[in-house]
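# Breakdown of the fold
Chain residues, written in single-letter form:
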Amino acid sequence: MNTELVSLQGRARIHAALGDPARLAIVDTLTLGDASPGEIAHDLQMPTNLVAHHVKVLTDAGLVVRGRSEGDRRRTYLRLRPEALTALTPPPLARVGRVVFVCTHNSARSQLAAALWSERTHTGAASAGTHPADRVHPRAVAVAHRHGLALDPSATSHVADVVRDDDLVIAVCDNAHEELTAPVRPRLHWSVPDPVRLDTDDAFEAAFADLAARVARVAPVITPAMSSGDRHD
């Protein structure tokens with residue numbers, strides 16, 4: 001059995017163990033500190049035999065370990081394994097060079113995503129379009145400015161002039177994701193609605209918030225092997 005499958009099975013066991021409200025309450029309690037089964041039963045007002053059952057499920061899933069008290073050796077304390085919760089996150093993406101964000105016109109979403117990625121990771125990012133516009137949309141420049149980011153209004157680029165073989169290409173619009181095929185094929189797809197269609201400040205703010213949340217979620221599992229000077233906004 002390959003390593004990836006074993007990892008998926010392990011994560012599935014953890015998710016299953018956390019899928020019961022009582023077990024989730026026990027994990028919440030152990031997040032704050034260690035406790036004996038009796039203390040958990042008292043604090044959660046749960047029968048001791050039920051606590052024993054739930055603790056066994058959590059232990060089998062690798063979430064909880066038991067240890068003897070250094071005082072009263074008859075007493076057992078339960079301790080949470082935080083690294084098991086960390087294992088719930090997807091495995092890191094491998095073989096990543098730069099991160100390149102692509103949309104149709106390279107005038108809004110891809111520009112904002114690249115700026116957010118650079119700000120969040122302190123590394124360079126690139127952006128491009130399948131049919132680049134002549135300039136970055138003024139509302140994209142404005143929303144970036146409101147959030148402390150800078151966009152060059154004249155810096156739009158075509159995918160063919162930007163993307164390299166080892167880049168991680170992220171399509172931030174449906175059209176680019178569906179249009180691009182080999183040799184440039186997005187590895188990830190973020191279906192972010194086009195703010196230009198509504199052309200309001202609220203639409204651009206919504207797109208910015210959507211992209212910011214996605215960058216925050218994905219950035220921790222990617223370590224691009226690139227220099228900070230590789231950005232093409």
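For every chain, the first residue of its written sequence is number 1, and the numbers climb from 1 along that sequence. The predicted nature of this model means local features are confined to residues of pLDDT at least 70 and side-chain atom pairs, given and counted, to a pLDDT of 80 or more, with totals for whole chains, interfaces and linings taken over all residues. For side-chain calculations, the full set of non-hydrogen atoms in the structure is used, while hydrogens and water are omitted.

As recorded in an unreviewed UniProt entry, the chain goes by the name Protein-tyrosine-phosphatase, listed as coming from Micromonospora violae.

### Quick look at the environment of Asp202
Here a strand is any run of E in DSSP of at least two residues, a helix any run of H or I of at least four, and the numbering for each starts at the N terminus. Within the element layout of this structure, Asp202 appears in helix α10 (residues 201–218). Measuring from C-alpha to C-alpha, the distance between Asp202 and Val221 comes to 30 Å, with 19 residues separating the pair along the chain.

### A look at the domain arrangement of the chain
As annotated, the domain borders come from an automatic or database domain assignment. According to the domain assignment, the chain contains domain 1 (1–87) and domain 2 (93–224). Between domain 1 and domain 2, the C-alpha centre-to-centre distance is 41 Å.

### Re the pattern of salt bridges
We define a salt bridge as a contact between a side-chain nitrogen of Lys or Arg and a carboxyl oxygen of Asp or Glu at a distance within 4 Å. Counting across every chain of the model gives nine salt bridges. Its salt-bridge partner being Asp60, residue Lys56 comes within 2.8 Å of it at the nearest N-O pair. Of this pair, Lys56 and Asp60 both sit in helix α4 (residues 48–60), four residues apart, roughly one helical turn. For the pair Lys56 and Asp60, a shared accessibility class is recorded, and that class is exposed. Between Arg81 and Glu83 there is a salt bridge, with the nearest N and O atoms lying 3.3 Å from each other. Look at Arg81 and you get partly exposed, because its relative accessible area is 26%. Exposure classes here rest on a 1.4 Å probe applied to the protein chains alone. A residue is buried below 20% of its type maximum, exposed above 50%, and partly exposed in between. Residue Glu83 is classed as partly exposed on the basis of its relative accessible area of 46%. Within this structure, Arg139, Asp199 and Asp201 form a network of salt bridges that share partners.

### A short note on the pairing of strand β3 (residues 99–103)
Of all five residues in β3, five are buried; the element is thus mostly enclosed. Residues Val99, Phe101 and Cys103 of β3 are buried on one face, and the alternating residues Val100 and Val102, pointing to the opposite face, are buried as well. Between β3 and its parallel partner strand β4 (residues 126–129), the chain crosses via helix α6 (residues 109–121), and the hand of that crossover is right-handed. Consider the strands pointing away from the viewer: the crossover is right-handed when the path from the first strand over the helix to the second runs clockwise.

### A word on the side chain of Ser127
Within the fold, Ser127 resides in strand β4. What qualifies as a polar contact is a pair of N or O atoms within 3.5 Å, subject to a donor-acceptor requirement within protein and to the restriction that residues adjacent in sequence count only when both atoms come from side chains. Of the polar contacts made by the side chain of Ser127, one reaches the side chain of Asn106; its length is 3.0 Å.

### A look at the packing of aromatic side chains
Aromatic rings from Phe, Tyr and Trp, taking only the six-membered ring of Trp, are treated as a pair when their centres fall within 6.5 Å; an angle between ring planes under 30 degrees marks them as stacked, one over 60 as edge-to-face, and anything in between as tilted. A full pass over the atoms with the stated rule returns two aromatic pairs. The interplanar angle of 50° and the centroid separation of 5.6 Å between the aromatic rings of Phe101 and Trp190 together place this pair among those described as tilted. Taken together, the residues Phe101 in strand β3 and Trp190 in the loop between β6 (188–189) and α10 connect sequence positions 89 residues apart. Of the two residues, Phe101 and Trp190, neither departs from the other in class, the shared state being buried. Cluster of aromatic residues (ring-pair linked, three or more members): Phe101, Trp117 and Trp190.

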